[in-house]
Amino acid sequence: MNSTPVFVIFVASIFTNNILLASFLGMCSFLVCSNRIDTAFGLGAAVTFVMLFTTMIDYLIYHYVLIPLKLEFLSYIIFIAVIAAFVQFVEMFVERFSPKLYYALGIFLPLITVNCAILGASLFMVLRKYNFAQSTFFGLGSGIGWALAIALMAGLREKMGYSNVPARLRGPGIVMLVTGIIAMAFMGFAGMLKLQ
Amino acid sequence: MSSDVNQRKGIDTGFGGGKGRETLGDGVFKVNPITCQVLGICSALAVTSRLEKALVMGGALVFVLAMTGLIVSILRSYMPRRIRMITEVAIIATFVILFDQFLRAFYYDMSKQLGPYVALIITNCIVMGRAEAFATQNPPLLSMLDGVANGLGYAMILAIIAIFREIFGNGTLLGYPILTGTGIEKNLLFALAPGAFIAAGFLIWFLNTLNPPESTEDSP
């Protein structure tokens, strides 16, 4: 069992072990959806919400169903099914009870099923042998970390609209370079806390 | 409706139209999944700190893409449209699990180093994208070839980034020291996350300059 305090896991997963800037997960939607800051916030909020709950559900399923049945090798397929089902469920639930939130968040929900950060959080949870409380805070922290990264990027990209980027560098190229610089800044936190 | 059909046909002919050689060439160079479509970039950055890891990951992608292409294409007329996506995900996950179990059984150290990234092939958009765009509309063997071609294109980009990062970040290539005695200091930055982003950014820039994409008018 991993004995890292939950608070350390929470802060580290936002800053030093940021799931996007240090583990490179969720790049696809990060590249595509970081054009506008309100879109970025909406997607970030949806990812945080889904990541928190899928990590918790995946923890329970992995430890109370798959391990007793010795079916650990099926974990990948189960995790992705849980994520897809959860997203579908949330979509229906939000549509039924809060149409306003549905219009704000709804378009992002289908995108989340294929966001590798969500699956990645569950896989890291298994690899690092977290317990339930640690998994919960890891899921929450990773979601917030991802949302922070995409919101930062969207803010920069809105400003970058006014600058003269070389034509061939536009689009993914410049986003990658800027992400590299943001990642460098986040590495500055590494002396503060460390996971493994 | 009719435009939809035309578009389908356009995709069909655009990707080789039944000619294996064109399919292969397209996947590796012309419509390379990483540089032209910016798909599957997550794992491309994560596993490129060493060339060995990048090559194993490339192999995994070739295997998963080829097998998924084959199976999806065989099943393409039996799959109900409504549950097509989830069926494809299940097929992809099956082959990913196969490869992962193989690595754990025979190359345990490598499996440990790759960590969660083998499993993350499931959510790699290249696999899903090829299954959806190509395998559902083409015969099995051609789909398999398309999978191999896209896998090779992916592996090539991974290898380029990895060679660059391993030499400058670690001073080695495939584990053999090559910078000793040249007077060039290794730069740890390239072995860490920021170096990966910056290397990928420059690579995309370089390849876009060589082979300009059709729509360069996108906002930055």
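1. Structural notes on the overall build of chain A
Step number 1: Within chain A, the secondary structure is distributed over nine helices and zero strands.
Step number 2: Traced from its N-terminal end to its C-terminal end, chain A shows the element sequence α-α-α-α-α-α-α-α-α.
Step number 3: A principal-axis box enclosing the C-alpha atoms of chain A has dimensions of 60 × 45 × 25 Å.
Step number 4: Expressed as a percentage of its 196 residues, the buried residues of chain A come to 54%.
Step number 5: Taking contacts inside chain A between residues at least 6 apart in sequence as the whole, the part at least 24 apart equals 81%.
Step number 6: When the accessible area of chain A is evaluated, it comes to approximately 8700 Å², of which 71% is carbon and sulfur surface.
Step number 7: If you average the places of the 11 positive and of the 6 negative side-chain charges in chain A, the two averages end up 10 Å apart.

2. Thoughts on the overall build of chain B
Step number 1: Within chain B, the secondary structure is distributed over ten helices and two strands.
Step number 2: Sequence-ordered secondary structure for chain B, helices as α and strands as β, is α-α-α-α-α-α-α-α-β-β-α-α.
Step number 3: The buried share among the 220 residues of chain B stands at 49%.
Step number 4: Taking as baseline every contact in chain B between residues at least 6 positions apart, the subset at least 24 positions apart corresponds to 73%.
Step number 5: Surface accessibility of chain B: about 10700 Å² in total, with carbon and sulfur atoms responsible for 65%.

3. Overview of the packing of aromatic side chains
Step number 1: Applying the stated criterion across every chain yields a total of 20 aromatic pairs over all chains.
Step number 2: Feature note: the residues F63, F95, F99, F102, F106 and Y107 of chain B constitute an aromatic cluster, connected by ring pairs.
Step number 3: One cation-aromatic arrangement involves R96 of chain A over F97 of chain A; the distance from NZ or CZ to the ring centre is 5.2 Å.

4. Comments concerning the interface of chain A and chain B
Step number 1: The partner chain B presents 43 residues to the 44 residues of chain A that form the contact.
Step number 2: Per-residue buried area on chain A facing chain B is highest for F24, Y76 and R168 of chain A; these three make up 23% of the total on that side.
Step number 3: Across the chain A-chain B interface, the total number found is zero salt bridges.
Step number 4: Connecting chain A to chain B are three residue pairs in polar contact (both at pLDDT 80 or more).
Step number 5: Sorting the residues of the side of chain A that touches chain B by element identifies α2 (27-32), α4 (75-97), α7 (116-127), α8 (132-160) and α9 (172-187) of chain A as the ones contributing at least two each.
Step number 6: It is α9 of chain A that contributes the most residues to the side of chain A that touches chain B, ten residues altogether.
Step number 7: Residues of the side of chain A that touches chain B, tallied by class, amount to 31 nonpolar, ten polar and three charged.

5. Some words on the side chain of T68 of chain B
Residue and element names in this part refer to chain B.
Step number 1: Along the chain, T68 turns up in helix α4 (residues 51-74).
Step number 2: A residue is classified by how much of its surface remains accessible, and T68, at 1% relative accessible area, is buried.
Step number 3: A polar atom in the side chain of T68 sits 2.4 Å from the backbone oxygen of V64.
Step number 4: Not counting residues within four places of it along the chain, the set of residues in contact with T68 comprises S73, I91, I92, F95, V127 and A131.

6. Things to note about the packing of α9 of chain A against helix α10 (residues 193-210) of chain B
Step number 1: Relative orientation of the contacting elements α9 of chain A and α10 of chain B amounts to 165°, with a least axis distance of 7 Å. What the angle tells us is that α9 of chain A and α10 of chain B run roughly antiparallel. Regarding α9 of chain A and α10 of chain B, the two cross each other, and that crossing is left-handed. Facing P172, G173, M176, L177, T179, G180, A183, M184 and M187 of chain A of α9 of chain A, the residues of α10 of chain B in contact are P194, F197, I198, A200, G201, F202 and I204 of chain B.
Step number 2: Across the contact of α9 of chain A with α10 of chain B, the residue classes break down as twelve nonpolar, four polar and no charged.

7. Description of the nonpolar core
For soluble globular proteins, the rule of thumb is that nonpolar side chains tend to be buried together.
Step number 1: The biggest cluster of nonpolar side chains holds 109 residues, and the ones touching the most others in it are M27, I112, W146 and M176 of chain A together with L45 and Y117 of chain B.
Step number 2: Contacts of W146 of chain A, omitting those with residues within four sequence positions, involve I19, L20, L25, G26, S29, F30, L43, G44, V47, N115 and A117 of chain A.

8. Structural notes on the pattern of salt bridges
Residue and element names in this part refer to chain B.
Step number 1: In the structure shown here, the tally under the stated rule is five salt bridges over all chains.
Step number 2: Note that E88 and R84 form a salt bridge whose closest N and O atoms lie 4.0 Å from each other. Within this pair, E88 and its partner R84 are both found in helix α5 (residues 84-106), separated by four residues, close to a single helical turn.
Step number 3: The exposure class of E88 is buried, given its relative accessible area of 0%.
Step number 4: Given a relative accessible area of 14%, R84 falls into the buried group.
Step number 5: For D146, the salt bridge goes to R130, with nearest N and O atoms at 3.0 Å. You can see D146 sitting in helix α8 (residues 140-170) and its partner R130 sitting in helix α7 (residues 125-133), a full 16 residues away along the chain.

9. Quick word on a nonpolar patch on the surface
Residue and element names in this part refer to chain A.
Step number 1: On the surface, L60, Y64, V65, L69 and F132 cluster together into a nonpolar patch covering about 490 Å² of accessible area.
Step number 2: No other element matches helix α3 (residues 37-66), which puts three residues into the nonpolar patch.
Step number 3: Note that L69 resides in the loop between α3 and α4.

Thresholds, definitions, all that
- Residues numbered from 1 in each chain as written.
- Chains lettered and ligands numbered in written order.
- Predicted model: local features only at pLDDT ≥ 70, side-chain atom pairs only at ≥ 80, totals over all residues.
- Heavy atoms only, no water.
- Helix = DSSP H or I, 4+ residues; strand = E, 2+ residues; numbered from the N terminus.
- Buried < 20%, exposed > 50% of the residue type's maximum accessible area, 1.4 Å probe, protein only.
- Contact = heavy atoms within 4.5 Å.
- Areas by Shrake-Rupley, 256 points an atom, 1.4 Å probe, with all protein chains shown as cover.
- Lys, Arg positive; Asp, Glu negative; His and termini not counted.
- Charge placed at Lys NZ, Arg CZ, Asp CG, Glu CD.
- Phe/Tyr/Trp six-rings, centres within 6.5 Å; stacked < 30°, edge-to-face > 60°.
- Lys NZ or Arg CZ within 6 Å of the ring centre and 35° of its normal.
- Buried area = accessible area lost by both parts, 1.4 Å probe.
- Salt bridge = Lys/Arg side-chain N within 4 Å of Asp/Glu carboxyl O.
- Polar contact = N/O pair within 3.5 Å; in protein donor to acceptor, adjacent residues only side chain to side chain.
- Nonpolar A, V, L, I, M, F, W, Y, C, P; charged D, E, K, R; others polar.
- Axes fitted to C-alpha atoms, helices over the stretch in contact; angles between N-to-C directions.
- Parallel < 35°, antiparallel > 145°, perpendicular 65-115°, else oblique.
- Left-handed = near helix turned anticlockwise from the far one by under 90°.
- Core = buried A, V, L, I, M, F, W, Y, C linked by side-chain atoms within 4.5 Å.
- Patch = residues over 30% accessible without salt bridge, like charges linked within 9 Å, V, L, I, M, F, W, Y side chains within 5 Å.

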